[in-house]
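Overview (structure and organization)
Spelled out from the first residue to the last, the chains are:
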Amino acid sequence: MARKKTKQRPQVGLLGKLLTRRSGGRCELCESRDAPFPWEVPPFPTEPDPDRTLMACGRCRAWLDGAEMRPVEAYFLSGAVWSELPAVKLAAARLLLAVDDPEDPWVHDALDAADVDPATGEFRVVVSEPGSAEW
Ligand SMILES: [Zn+2]
């Protein structure tokens, strides 16, 4: 899947404190302490939203921004897709979609667990309850 590079925006800094507390100062994808920094999952909502933003270390941010991944180094993503945090789950799934061989069994299983639609890169739409429509 081709990835469009979306430039991170400065407003994401507003979530810095909250995310530092949530993540304990670690990358929420791989748990590295190497320069974790907020990363917003595109497309961005109007205001930065913790459910669309995660703490990511230098390497994970580079990958999220489109740098070439080495699948042997990316195995931790199969754990990250089980995160209770939507942003972490979604970011992990986006990276898995970028792995060269999506039919690699572990990649396939991890993408299944994330329940993200490969066509849109978003969570599969859950049928909403009557009366809870957004409009
Ligand atoms: Zn990381």
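Residues numbered from 1 in each chain as written. Predicted model: local features only at pLDDT ≥ 70, side-chain atom pairs only at ≥ 80, totals over all residues.

What about the overall build of the protein?
Looking only at helices and strands, the protein has five helices and four strands in total. The linear arrangement of helices and strands in the protein, starting from the amino end, is α-β-β-α-α-α-α-β-β. The burial tally for the protein puts 31% of its 135 residues in the buried class. (Helix = DSSP H or I, 4+ residues; strand = E, 2+ residues; numbered from the N terminus. Buried ≥ 20, exposed ≤ 12 C-beta atoms within 10 Å, placed from the backbone.)

A few points about the pairing of strand β2 (residues 53-56)
Here β2 shows a buried face lined by T53 and M55 and a second buried face lined by L54 and A56. Pairing analysis gives four bridges linking strand β1 (residues 37-40) to β2, with the strands arranged antiparallel. Its bridge partner lying in β2, E40 is registered against T53. (Pairing = 2+ DSSP bridges.)

Topic: the nonpolar core
Of all hydrophobic cores here, the largest spans 32 residues; its most connected members are L29, A56, L77, A91, A92 and L96. Contributions of two or more residues to this core are made by β2, α2 (58-64), α3 (77-80), α4 (86-98) and α5 (105-114). Looking at this core, the element that brings in the most residues is α4, giving eight residues. Other than its neighbours up to four places away in sequence, L29 contacts L54, A56, C60, F76, L77, A80, V88, A91 and A92. (Core = buried A, V, L, I, M, F, W, Y, C linked by C-beta atoms within 7 Å. Contact = placed C-beta atoms within 7 Å.)

Observations concerning unusual backbone geometry
Residue P42 is joined to P43 through a cis peptide bond whose omega torsion reads -5°. Mapping P43 onto the fold places it in the loop between β1 and β2. Unlike most non-glycine residues, A35 shows phi in positive territory, near 50°. By the element assignment, A35 lies in the loop between α1 (16-23) and β1. The exposed category is assigned to A35, around which 11 C-beta atoms lie within 10 Å.

Considering α5
Buried within α5 are the following residues: V107, A110, L111 and A114. The buried residues of α5 all sit within an arc of 100° when viewed along its axis, so they share a single face. Exposed residues lying more than 90 degrees from the buried face of α5 are P105 and D112. Contact partners of the buried residues in α5: α3, α4 and β3 (116-117). Taken from the residues just after α5, D115 is the one with a positive phi, measuring 60°. (Arc of directions from axis to C-beta.)

Some details on the environment of G13
Mapped onto the fold, G13 is located in the segment before α1. Considered as a pair, G13 and P38 are 25 residues apart in the sequence and their alpha carbons are 7.2 Å apart.

Here's the deal with α4
The end-to-end C-alpha separation of α4 is 18 Å, in line with the 18 Å expected for 13 residues at 1.5 Å each. Counted residue by residue, α4 has 10 buried out of 13 residues, so it is predominantly covered. On its buried side, α4 packs onto β2, α2, α3, α5, β3 and β4 (122-123). (Expected span 1.5 Å × (residues − 1).)

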